[in-house]
Amino acid sequence: MASDSPSLDDAIREIADDLTTKVIAIAKVTRNLDAEADLLDQHARLLQAKAQSRRSRVHLLKNWMRLQMDTSGVDRLKDPFVTVWLRSSPLP
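Residues numbered from 1 in each chain as written. Predicted model: local features only at pLDDT ≥ 70, side-chain atom pairs only at ≥ 80, totals over all residues. Heavy atoms only, no water.

### Quick look at the overall build of the protein chain
Defined as follows: Going along the chain from the N terminus, every DSSP run of H or I of four or more residues is numbered as a helix, and every run of E of two or more is numbered as a strand. With C-alpha atoms as the basis for the radius of gyration, the globule rule is written as 2.2 Å multiplied by the number of residues raised to the power 0.38. For each residue, the accessible area found with a 1.4 Å probe, counting protein chains only, is set against the maximum for its type, and the residue is called buried under 20%, exposed over 50%, and partly exposed in between. Working definition of accessibility: Shrake-Rupley area with a 1.4 Å probe, residue cover restricted to the visible protein chains. Here Asp and Glu are counted as negative and Lys and Arg as positive; His is not counted, and neither are the chain ends. Charge positions come from single atoms, namely NZ of Lys, CZ of Arg, CG of Asp or CD of Glu.
Broken down by element type, the protein chain carries one helix and two strands. For the protein chain, whose C-alpha radius of gyration is 33 Å, the value lies well above the compact-globule estimate of 12 Å for 92 residues. If one aligns the C-alpha atoms of the protein chain with their principal axes, the spans along those axes are about 105 × 25 × 20 Å. Expressed as a percentage of the 92 residues in the protein chain, the buried residues total 1%. Roughly 8700 Å² of accessible area belongs to the protein chain as shown, and the carbon and sulfur atoms make up 61% of that amount. Both charge centroids of the protein chain, one from 14 positive and one from 13 negative side chains, sit 22 Å from each other.

Here's what the structure looks like:
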């Protein structure tokens, strides 16, 4: 049995070395995935801010169109691509 002991010790050492390599590799992958998730969160916040800015701009431009049409007495404007008209109760 004494001859089996060194090979068993070598096998255990090899398994431990293999486990160490795998755990370190997975730790690197999880660090990378976590950093990527943080970056995606940052981009999501940026895109949300841009979307809100666009919605605010739309609201401003619609108010400007309504004011101009009210002031000039025009109820409806139309071209081949878009029709604009004034409503008595605007949609939300």
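### Observations concerning the pattern of salt bridges
In plain terms, the rule: Here, a salt bridge means any side-chain nitrogen of Lys or Arg that lies within 4 Å of a carboxyl oxygen of Asp or Glu.
Scanning the entire structure with this criterion turns up three salt bridges. Of the charged contacts, one joins lysine 22 and aspartate 18 as a salt bridge, the two residues approaching to 3.5 Å between their closest N and O atoms. Taken together, the residues span about one helical turn, with lysine 22 and aspartate 18 both in helix α1 (residues 4-72) at a distance of four residues. Here arginine 66 makes a salt bridge to aspartate 70, at a shortest N to O gap of 3.6 Å. Taken as a pair, arginine 66 and aspartate 70 lie in helix α1 at a separation of four residues, close to a single helical turn. Classification of arginine 66 by relative accessible area gives partly exposed; the value is 42%.

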